[in-house]
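Examining the three-dimensional arrangement
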Amino acid sequence: MSDKIPVDLHGAAQTMLTTLYLKALDADLDRPVLGDRYAKQAVERIEFDFAGLKAPVKWAPLVTVRTAQYDIWAGQFLAANPNAVVIHLGCGLDARVFRLDPGPDVSWYDVDQPPVIALREKIFPARPGYRLIATSATDPSWLDDIPTDRPVLLLAEGISMYLTEADGVALLQSIVDRFGSGELQIDFYNWLGIKTQKMQRLQRQSGSTLHWAVNGPEDILSRVTGIRLLAATNLFDAETFARVPAGFARTGRLIGALRPVHGLLQYHRYAFGPTG
């Protein structure tokens, strides 16, 4: 009898299996972009036909460049705020809390749909200062469980595009309005990413639908009050893109020369609260 953990996920939640698998493939490379051994261990524990995803290792940088960039930004925030509250929204099966291993004064909340959280509980261990919240991102009541007396970091990687614009803006504004200071670290697809979703194998496999397109920081700055831009980059300009294999880098430079493609995957970082 297998002691592996079966999974039964659908829609947007299913895409996290492809994301996890690509991180695991990256971990086996001689020069990985992310080097996430926790992803490899998680794949080994799950009963699922990962080969059936038909996600080759050459795709891995599409995921790992982004995740590695947010690891850097989150690490910088934690270094400046060692008693912070971290809200990792749409955490999926990402092991960021274990990769970054924050100090004892950090309160870390991994937030996702109930089936995802149930699976996380079986795969990853508990740790001090770490809590799981099973909820829909658009249900604001989950914020009642988060302390408001410390700087807060909202990490939302790979979730914005599944929200409507109205729900996404409301979510970000609710964070800014509720907490005194902190950062929003969130990624977006531009109009091309949303328009071409039926051409993307990941979306076809999961049957999920993408909604919210953001074409640059101004789209967020004009809709969410009280925030200021700290950084904005994309797949091709992220500092972690320098880690990708040479073949992917060459292809990326050629494809990235097309302006809409260049900004297809955007990584944004905003601050809110008092300055100085």
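As shown above, the structure is provided for reference.
Residues numbered from 1 in each chain as written. Predicted model: local features only at pLDDT ≥ 70, side-chain atom pairs only at ≥ 80, totals over all residues. Heavy atoms only, no water.

What follows deals with the packing of aromatic side chains. Evaluation of the coordinates by the stated rule reveals ten aromatic pairs. For the pair Tyr38 and Phe98, a centre-to-centre distance of 5.8 Å together with 35° between the ring planes defines the contact as tilted. With a gap of 60 residues between them, Tyr38 in helix α2 (residues 37–45) and Phe98 in helix α4 (residues 96–100) connect regions that are remote in the sequence. For the pair formed by Tyr38 and Phe98, the shared burial category is buried. Ring geometry for Phe236 versus Phe241: centroids 5.9 Å apart, planes at 70°, classification edge-to-face. The same class applies to Phe236 and to Phe241, which are both buried. When the ring centre of Tyr38 is taken as reference, the NZ or CZ atom of Arg37 above it lies at 4.4 Å. (Phe/Tyr/Trp six-rings, centres within 6.5 Å; stacked < 30°, edge-to-face > 60°. Helix = DSSP H or I, 4+ residues; strand = E, 2+ residues; numbered from the N terminus. Buried < 20%, exposed > 50% of the residue type's maximum accessible area, 1.4 Å probe, protein only. Lys NZ or Arg CZ within 6 Å of the ring centre and 35° of its normal.)

Within this structure, the stated rule accounts for 17 salt bridges. Between Asp71 and Arg96 there is a salt bridge whose closest N-O contact spans 2.6 Å. Here Asp71, found in helix α3 (residues 61–80), pairs with Arg96, found in helix α4; they are 25 residues apart in sequence, far enough to count as distant. (Salt bridge = Lys/Arg side-chain N within 4 Å of Asp/Glu carboxyl O.)

If you check α3, its first and last C-alpha atoms are 28 Å apart, about what 20 residues at 1.5 Å a residue would give, namely 28 Å. Across the 20 residues that make up α3, a large majority, 14, are buried. (Expected span 1.5 Å × (residues − 1).)

With that out of the way, let us pick up the layout of surface pockets. Empty space within the second largest pocket amounts to approximately 250 Å³. As for the second largest pocket, its lining consists of 13 residues, of which Asn215, Arg259, His262, Gly263 and Gln266 are closest to the centre. At the level of secondary structure, the elements contributing two or more residues to the lining of the second largest pocket comprise β8 (227–234), α11 (259–262) and β9 (265–272). Within the lining of the second largest pocket, the residues separate by chemical class into four nonpolar, eight polar and one charged. (1 Å grid on protein atoms, 1.4 Å probe; cavity = no way out; pocket = protein on both sides within 12 Å on 5 of 7 lines; lining within 4 Å. Points joined across faces, edges and corners; volume = space filled by probe spheres on them. Nonpolar A, V, L, I, M, F, W, Y, C, P; charged D, E, K, R; others polar.)

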